[in-house]
Structure formats: C-alpha cells, structure tokens
Amino acid sequence: MTAIRPRSALQITRRGALSAAAWGTCIAASGLHFVLAQEAAEVRMQLDQQALNAVPGDERAGLEVTEDTSPAAQGLKAHSSPGKALPIIYLIAGVLSLPSIRGAVQEMLRRHEYGGVVIDTRTGPANIRNDLTAQADWVLVIRADGSTERVRSTVVTEDFLKRVLHYR
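Each value, and the rule that gives it
- Residues numbered from 1 in each chain as written.
- Predicted model: local features only at pLDDT ≥ 70, side-chain atom pairs only at ≥ 80, totals over all residues.
- Heavy atoms only, no water.
- Pairing = 2+ DSSP bridges.
- Helix = DSSP H or I, 4+ residues; strand = E, 2+ residues; numbered from the N terminus.
- Axes fitted to C-alpha atoms, helices over the stretch in contact; angles between N-to-C directions.
- Contact = heavy atoms within 4.5 Å.
- Buried < 20%, exposed > 50% of the residue type's maximum accessible area, 1.4 Å probe, protein only.
- Salt bridge = Lys/Arg side-chain N within 4 Å of Asp/Glu carboxyl O.

S.K.: What should I look at first to understand the sheet that holds strand S5 (residues 126-131) in this one?
M.R.: Backbone-to-backbone hydrogen bonds pair the strands of a sheet. The strands run either parallel or antiparallel. Here we have seven strands laid out as an open sheet, ordered S2-S3-S1-S5-S4-S6-S7, and mixed in their pairing. Single-partner strands in this sheet number two, and they are strand S2 (64-67) and strand S7 (148-152). Each adjacent strand pair in this sheet contributes to an overall mean axis angle of 20 degrees, direction not counted. Pairing between strand S6 (residues 138-142) and S7: five bridges, direction antiparallel. Bridge assignment links Ile-142 to a residue of S7, and that residue is Thr-148. Its contacts with the sheet place helix H5 (residues 98-110) against strand S1 (40-48), strand S3 (89-97), strand S4 (116-120), S5 and S6, and it is angled at close to 25 degrees to S1.

Take a look at the structure:
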C-alpha cells in the first residue's frame, strides 16, 4: 500500500512568487500614478503642527519645511489657547495636491484663535496663512489683480481651490 500525501492548500513556487511580485508592483505603480495624476498647485503656507499633519507624508517629503520665526508667527503663538504649549509655526513651500491643500486649510480654519485664512494669489506661488484680522471660519481670497472675495469655510472645496489657485 502506498501513501498519497494530500496536496496542501497553498503551495508557493518560484514562478508563483515572481508572478505575485509582478502584480504587486503593477498595483503599487498604478496607485502611485493615481496620486501623481491628482491636480496640484504650487503653494507657500504658514501653518501649525496640526495643519501640517493634515498633509500626507508622501507629499510632505517633497516640500521645503522650515520653522517660521517672523513677527506674524509670533502673533499667532501669542493667541494660542491658554494652558497649552506654545505651537510651532511652520512655513512650507512646494507642490501639493488640491485634496491636501484643502485638508490643511480646513485644519487651519478649525483653529479659531488664529482668525481666518487668507489665500493671497498676488505672489507666485500663492501664499496661504492664518490672519488674526480675518474673521474666524472665513477665507479671504486676494486675487492677482488685488480684488478680494470672502467665503465661508464650507465653500472651500477642491473645485473652489482649483478656481482660486493656479493649479497644474
């Protein structure tokens, strides 16, 4: 009598492993292509750590990030919530996807103690910052021609940003 060994449910062969690796690479590359295919804009933003954390790590890697020690940053720090540690205010510059810009702006708008958000497109790249003189929960857009538009935070969508920013 000969014993027949039952086939295991999962057999990994070299050919199968190489095939799986090739499929994994294709899937990863298509996901990366999706991220790179998103509409983006070059921006310069002044934000705190919470708003910076709203930017995905893969996009943050390509940005220039420095601590902002300007008088405007000191003013924001002076208006931080009492009883909390003083925030670090950052300046970031580079290309971000519109969803990432929107996420960071929404996080900036949640910080009412910093006032509203100003998107100034008179300079290249557009400058996005909190402003103590702007009404909290509002965005003030300053266009290249100097005209302004005030909108509630609920209007700040990717389509709004596409219209306001010079995206690519």
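Read on for the rest.
S.K.: Could you clarify how one ought to interpret the pairing of S1 in this entry?
M.R.: The side chains of a regular strand alternate, residue by residue, between the two faces of the sheet. For S1, a buried count of seven out of nine residues is recorded, marking the element as mostly surrounded by other parts of the structure. Sheet topology places S1 next to S5; three bridges connect them, and they run parallel. Directly across from Arg-44, in S5, lies its bridge partner Asn-127.

S.K.: Can you help me understand the pattern of salt bridges in this one?
M.R.: A side chain of one charge can pair with a side chain of the opposite charge if their charged atoms are brought near each other. Taken as a whole and judged by the stated rule, the model has ten salt bridges. Here Glu-67 makes a salt bridge to Lys-77, at a shortest N to O gap of 3.9 Å. With Glu-67 in strand S2 and Lys-77 in helix H4 (residues 71-78), this residue pair connects regions lying ten residues apart in the sequence. Looking at Glu-67, the relative accessible area reads 46%, which means it is partly exposed. Accessibility expressed as a relative area gives 12% for Lys-77, which makes it buried. Put simply, Arg-111 and Glu-113 hold a salt bridge, and the shortest N to O gap is 2.7 Å. Using a relative accessible area of 12% as the deciding quantity, one classes Arg-111 as buried. Salt bridges linked by common partners bring Glu-39, Asp-159 and Lys-162 together as one network.

S.K.: Explanation requested: the pairing of S3 in the structure shown.
M.R.: Among the nine residues in S3, seven count as buried, and that is most of the element. Summarising the sheet, S1 and S3 pair through nine bridges and their orientation is antiparallel. Note on S3: the bridge partner recorded for Asp-48 is Ile-89.

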